[in-house]
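Take a look at the letters that make up each chain.
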Amino acid sequence: TLPDTGFVCILGPSGCGKTSLLNAIGGLDRFDNGKLSTGDICVSRYGTAAYETQRNRNFGYIFQNYYLLENHSAAYNVYLGLHSLDLSHKEKLRRVRMALHAVDMDRFIRRKVSELSGGQQQRIAIARALARRPRVIFADEPTGNLDEANTRNICTLLRQASRESLVIMVTHEERIANFFADRIIRLDQGVIASDSESWERGGL
């Protein structure tokens, strides 16, 4: 059971099932048994129309490999992420500008993604998720390809977003989870080893 807001980290070594769990919760992958429920929707299998509608309306995704269109501008990539929402063109443009401003990328609004650094591309990917104003943001190792400074910046942005949305982040970096998370779910070989909201927090 997950809260409406907050920063939840799914922690564990490579291959323990973190991404599989995230994708199952996020409606991107099938699961063998159990149920998923959000709001008044409860499903027991992958790919149901009701859950896909919920996903398209209320979920945002940040992938480790960004999945941006490199030959298009930063603004276009964020705009494209709003495609499934019933918004006017004017409202979409307003959200694009606000999201890029939130990640300090508004000065690169017309820059092609291919001309941006890895850290800047990751910020565009986060802006794409934030512009949707989702109830839930799923982030799969969003700092895996970043240096120390950009890792701090990205996690700080996600921490800020968690005030209004639920952020679920997969990571194998314990120090990141210990510093930023409100709750840590540890996986070990496909099962939950621990689920905690209290631990000794260190510096970063």
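Below is a summary of the structure that appears in this document.

### Section: the overall build of the chain
Scanning the chain from N- to C-terminus turns up seven helices and eight strands. Here the chain has a C-alpha radius of gyration of 17 Å; the compact-globule value for 204 residues is 17 Å, and the two agree. If you line up the chain on its principal axes, its C-alpha atoms span 45 × 45 × 25 Å. The burial tally for the chain puts 49% of its 204 residues in the buried class. When contacts within the chain are restricted to residue pairs at least 6 apart in sequence, long-range pairs at least 24 apart make up 67% of them. Split by element, the accessible area of the chain, about 10900 Å² in all, is 45% carbon and sulfur.

### Comments concerning empty space enclosed by the protein
The rolling of a water-molecule-sized probe over the atoms marks out the regions of remaining empty space. Counted according to the given criterion, the structure contains one cavity of 30 Å³ or more. What the largest cavity holds in volume is close to 70 Å³. Lining the largest cavity are 13 residues, and of these Gly27, Arg45, Tyr46, Gly47 and Tyr51 sit closest to its centre. A total of three residues in the lining of the largest cavity trace back to one element, the largest contributor, which is helix 2 (residues 49-58).

### Points about the nonpolar core
Within the largest apolar cluster, 40 residues are counted, with the highest numbers of intra-cluster contacts made by Leu100, Ile124, Leu158 and Met169. Each residue touching Leu158, except ones within four places of it in the same chain, is listed here: Phe7, Ile62, Ala139, Pro142, Val167 and Met169. Grouped together as the second largest cluster of nonpolar side chains are 20 residues, Cys16, Val43, Leu166 and Val170 included.

### Description of the packing of aromatic side chains
As enumerated under the stated definition, the model contains six aromatic pairs in all. Pairing Tyr61 with Phe63 gives two aromatic rings, centres 6.0 Å apart and planes at 10°, and the pair type is stacked. The partly exposed category is assigned to Phe63, whose relative accessible area is 24%. What links up through ring pairs into an aromatic cluster is the set Tyr51, Phe59, Tyr61, Phe63, Tyr67 and Phe138.

### Notes on the packing of helix 4 (residues 89-102) against helix 5 (residues 118-131)
Contact geometry for helix 4 and helix 5: axes closest at 8 Å, N-to-C directions at 130°. Of the possible angle classes, the one that applies to helix 4 and helix 5 is oblique. Here the hand of the crossing between helix 4 and helix 5 comes out right-handed. Side by side, helix 4 and helix 5 meet where Arg95, Ala99 and Leu100 of the first sit next to Ile124, Ala127 and Ala131 of the second.

### Section: the layout of surface pockets
Quantified by volume, the largest pocket comes out at close to 820 Å³. In terms of lining residues, the largest pocket is bounded by 31 residues, among which Thr1, Leu2, Ile25, Leu36 and Ser37 are the most central. Elements supplying a minimum of two residues to the lining of the largest pocket: strand 1 (6-11), helix 1 (18-25), strand 2 (36-38), strand 5 (136-140), strand 6 (166-171), strand 7 (183-188) and strand 8 (191-196). When residues in the lining of the largest pocket are grouped by element, the largest group, four residues, is from helix 1. Here the residues of the lining of the largest pocket are counted per class, giving 17 nonpolar, six polar and eight charged. By volume, the second largest pocket amounts to about 410 Å³. Every residue lining the second largest pocket is counted, 14 residues in all, and those nearest its centre are Ala102, Leu130, Arg133, Ala161 and Glu164. Residue assignment for the lining of the second largest pocket shows that the elements contributing at least two residues are helix 4, helix 5 and helix 6 (148-161). Tallying contributions element by element places helix 4 first for the lining of the second largest pocket, with four residues. For the lining of the second largest pocket, the per-class residue count stands at nine nonpolar, two polar and three charged.

Conventions and cut-offs
- Residues numbered from 1 in each chain as written.
- Predicted model: local features only at pLDDT ≥ 70, side-chain atom pairs only at ≥ 80, totals over all residues.
- Heavy atoms only, no water.
- Helix = DSSP H or I, 4+ residues; strand = E, 2+ residues; numbered from the N terminus.
- Rg over C-alpha atoms; globule rule 2.2 N^0.38 Å.
- Buried < 20%, exposed > 50% of the residue type's maximum accessible area, 1.4 Å probe, protein only.
- Contact = heavy atoms within 4.5 Å.
- Areas by Shrake-Rupley, 256 points an atom, 1.4 Å probe, with all protein chains shown as cover.
- 1 Å grid on protein atoms, 1.4 Å probe; cavity = no way out; pocket = protein on both sides within 12 Å on 5 of 7 lines; lining within 4 Å.
- Points joined across faces, edges and corners; volume = space filled by probe spheres on them.
- Core = buried A, V, L, I, M, F, W, Y, C linked by side-chain atoms within 4.5 Å.
- Phe/Tyr/Trp six-rings, centres within 6.5 Å; stacked < 30°, edge-to-face > 60°.
- Axes fitted to C-alpha atoms, helices over the stretch in contact; angles between N-to-C directions.
- Parallel < 35°, antiparallel > 145°, perpendicular 65-115°, else oblique.
- Left-handed = near helix turned anticlockwise from the far one by under 90°.
- Nonpolar A, V, L, I, M, F, W, Y, C, P; charged D, E, K, R; others polar.

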